[in-house]
Amino acid sequence: MRRRILRSILTVLTITTIVLGVPLIYTAWLWVEDITRNDLQGRLEQIADEVIGQEVGNGVVPDGLDVRSIRALVPDGGRLTIVYPAPHDNAARADVGVERVNDPLVESLSMGTSGSLRLEVPAGPMHTRQAQAVAAVALAVLASLGAAFSVAVVTARRVADPLRDVAARAARLAMGDFRPDPRRHGIAELDRVSDVLDSATVEIAGRLQREHALVADVSHQLRSRLTAVRLRLDELSTHADPEVVHEAEEAMAQVDRLTEAIDDLVRASRDEDAADRDPVPVMGELRGVVTEWTHPFHEAGRELELIGDESLRAPITGSRLREAVAVLIDNALMHGGGTCTISVRTVPTMSSRDPLICVEVADEGEGVRDELAPHIFDRGFSAGGSTGVGLALARALVEADGGRLELQRRRPALFAVFLGSKLHRPQNATLTEPR
């Protein structure tokens, strides 16, 4: 920001300097020449007075022109040519000064019937003074530009530093730092933004506290209800019918897994930093999800497959990954067709040496219609009569661990979950390419 502000100010100053400085330098050049020519004209007028003063009757100089008083008016290195009336000739000529002037600056003066004057002086001294004047003006322009640059740096810092502070406050707020910041910068608009951030900090902190309390209360109530359900199922496990016992044991396993998932989600909600977590085996986390959903797929006459590299690990929350992939599998069961394949592989990245881990969930159904694809992750949006919460929840769970969930292909549908990777691969292991 500071660099852009400084660049803009300096661009304006440079243009202003060029627009004003060049004409000013040209004016100084002409001003020195004008002064020099006015000095020569003044000398010629004094010389004309001396010549006219020596005339007698009929406007002639009878005994020749006396140039002794005129010689002092001729500049050093200059040459004066005087044409004046004489008794026997129509005109006479007198030269005063050097015989020849190199690179002359010439000024003339007509005296009417009394003759004319021509004064030649070297132009070198005038050019020297012109160069000095141009240098003085250029130095003044550069000095003003330097002063303006200093003002621009101060101004850019005064504008950019508060913006950086406000951006840093917003970043700290996004990271969960809700401490108020009393600093203000003396800029009304930015101070207003700081006031709004303070208000937002208080509001967000209050909401998070209420949400954490609500999550704790809901999880407690769910665990209590699940405990009651498990006790009832435990009674059914003593039934004499083996089929009833089998179903009761399966239901108790589901209750245990649901209780564990609730506990994991509650713990994950209190620990938002995925970068500090130990990497978990992605295939190991997904294998339990596939086991749970295999029976519903078999009942629908379909297959559910899991393929990929067993060594891939990612610093994520296992419960979040399981819940997000479970949503995608449920979506494939409800709206897809054919075999549902879950593949785990790595994809290279341009910004990091470590590749990303990609979990892909694909089926062989009709896919997602074009008009639905842009809104498929919008909360509350559904074209199949569902609540429209599942895919939005899955994306939120993935993003909470720093990953992303995308619809990679519309027909047939292919969803991809991208996770940060920490590869732990044996020396002889090879990456399984599902496609």
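Thresholds, definitions, all that
Residue indices follow the written sequence of each chain, beginning from 1 at its first position. Under the rules for a predicted model, residues below a pLDDT of 70 receive no local features and side-chain atom pairs below 80 are neither given nor counted, while totals for whole chains, interfaces and linings still include all residues. As a rule here, side-chain values cover all heavy atoms of the structure and leave hydrogens and water aside. Strands are labelled as partners when DSSP assigns at least two bridges between them. Per the convention used, a helix needs a DSSP run of H or I reaching at least four residues, while a strand needs a run of E reaching at least two, with both numbered from the N terminus. UniProt positions are given in the numbering used here, feature names are shortened, and annotations may be inferred rather than shown by experiment. In this description, a line fitted to the C-alpha atoms serves as the axis of each element, helices being fitted only across the stretch in contact, and the angle between N-to-C directions of two axes falls anywhere from 0 to 180 degrees. Here the aromatic set is Phe, Tyr and Trp, taking the six-membered ring for Trp, and pairing holds for ring centres within 6.5 Å; pairs whose planes are under 30 degrees apart are stacked, those over 60 apart are edge-to-face, and all others are tilted. Only when the NZ atom of a Lys or the CZ atom of an Arg is both within 6 Å of the ring centre and within 35 degrees of the ring normal do we say a charge sits over the ring. To sort residues, take the accessible area from a 1.4 Å probe on protein chains only and compare it with the maximum for the residue type: under 20% means buried, over 50% means exposed, and anything in between is partly exposed. The working definition used for a salt bridge is a side-chain nitrogen of Lys or Arg within 4 Å of a carboxyl oxygen of Asp or Glu. By this rule, a helix spans an expected 1.5 Å times one less than how many residues it contains. Here, residues are in contact when the closest pair of their heavy atoms is within 4.5 Å. Take the far helix as the reference: if the near one is turned anticlockwise from it by less than a right angle, the crossing is left-handed, and if turned clockwise, right-handed. Only Asp, Glu, Lys and Arg are considered charged in this grouping, and only Ala, Val, Leu, Ile, Met, Phe, Trp, Tyr, Cys and Pro are considered nonpolar; every other residue, Gly among them, is considered polar. In this scheme, patches are assembled from residues that exceed 30% relative accessible area and form no salt bridge. Like charges are connected within 9 Å, while nonpolar side chains (Val, Leu, Ile, Met, Phe, Trp, Tyr) are connected within 5 Å. Here the open area of atoms and residues is found with the Shrake-Rupley method and a 1.4 Å probe, where only the protein chains shown may cover a residue.

A. Fine view of the pairing of strand 4 (residues 116–122). Relative to strand 4, strand 1 (residues 79–84) runs antiparallel, the two being bridged by 5 bridges. Counterpart to Leu80 in the pairing with strand 4 is Leu119. Relative to strand 4, strand 3 (residues 104–110) runs antiparallel, the two sharing 7 bridges. The residue of strand 4 that forms the bridge with Ser108 is Arg118. Counting the residues that bridge the hairpin from strand 3 to strand 4 gives 5 residues, and of these Gly112 lies at a positive phi of roughly 70°.

B. Local environment of the UniProt feature "transmembrane region" (unreviewed entry) in the chain. The residues that UniProt annotates with the feature "transmembrane region" (unreviewed entry) are residues 12–32 and 133–154. Taken end to end, residues 133–154 comprises 100% helix and 0% strand; its first and last C-alpha atoms sit 32 Å apart.

C. Just the sheet that holds strand 3, in detail. Taken in spatial order, the 4 strands line up as 2-1-4-3 in an open sheet, and their pairing is antiparallel. Of all strands in the sheet, those bounded by a partner on one side alone are strand 2 (92–97) and strand 3. In this sheet, neighbouring strand axes are inclined to one another by 15° on average, regardless of whether the strands run parallel or antiparallel.

D. Focus on the packing of aromatic side chains. For the structure shown, the criterion picks out 1 aromatic pair. It is Arg395 that lies over the ring of Phe377; its NZ or CZ is 3.9 Å from the centre. Above the plane of the ring of Phe418 lies Arg404, whose end atom (NZ or CZ) is 4.2 Å from the centre.

E. View of the pairing of strand 9 (residues 356–362). The buried count for strand 9 comes to 6 of 7 residues, which makes it a mostly enclosed element. The pairing of strand 8 (residues 340–347) with strand 9 spans 7 bridges and is antiparallel. Across the sheet, the residue bridging to Ser343 is Glu360, located in strand 9.

F. Geometry of the pattern of salt bridges. In total, this model carries 15 salt bridges according to the counting rule given. Here Glu285 and Arg322 are joined by a salt bridge, their closest N and O atoms 2.3 Å apart. Of this pair, Glu285 sits in helix 6 (residues 282–299) while Arg322 sits in helix 7 (residues 318–335), and the two are 37 residues apart along the sequence. Via salt bridges that share partners, Glu33, Arg37 and Glu107 belong to a single interconnected network.

G. Structural view of helix 7. Taking 1.5 Å of rise per residue, the 18 residues of helix 7 would be expected to cover 26 Å, and the 26 Å separating its terminal C-alpha atoms lies within 8% of that figure. Of all 18 residues that make up helix 7, 14 are buried, and the element is covered over most of its length.

H. Region of the structure containing the sheet that holds strand 11 (residues 414–420). Read from one edge to the other, the open sheet built from 5 strands follows the order 6-8-9-11-10, with strand pairing classed as mixed. Two strands in the sheet have a free side with no partner beyond their single neighbour: strand 6 (304–308) and strand 10 (404–409). The mean inter-strand angle of the sheet, taken between neighbouring strand axes irrespective of direction, is 20°. Sheet strands touched by helix 7: strand 6, strand 8, strand 9, strand 10 and strand 11. Its angle to strand 11, the strand with the most contacts, is close to 170°. Contacting strand 10 and strand 11, helix 8 (residues 390–400) crosses the sheet at an angle of about 125° to strand 10.

I. How the structure looks around the packing of helix 6 against helix 7. Following both chains from N to C, one finds helix 6 and helix 7 inclined at 30°, their axes separated by 10 Å at the closest point. Considering only the axes of helix 6 and helix 7, their crossing is right-handed. Here helix 6 contributes Val282, Glu285, Leu286, Val289, Trp293, Pro296 and Phe297 to the contact with helix 7, which in turn contributes Gly318, Leu321, Arg322, Val325, Ala326, Ile329, Asp330 and Leu333. Of the residues contributing to the contact of helix 6 with helix 7, the split by class is 11 nonpolar, 1 polar and 3 charged.

J. Fine view of a nonpolar patch on the surface. A cluster of nonpolar side chains, Ile15, Val19 and Leu20, forms an exposed patch at the surface whose accessible area comes to about 300 Å². Of note, Ile15 is situated in helix 1 (residues 2–53).

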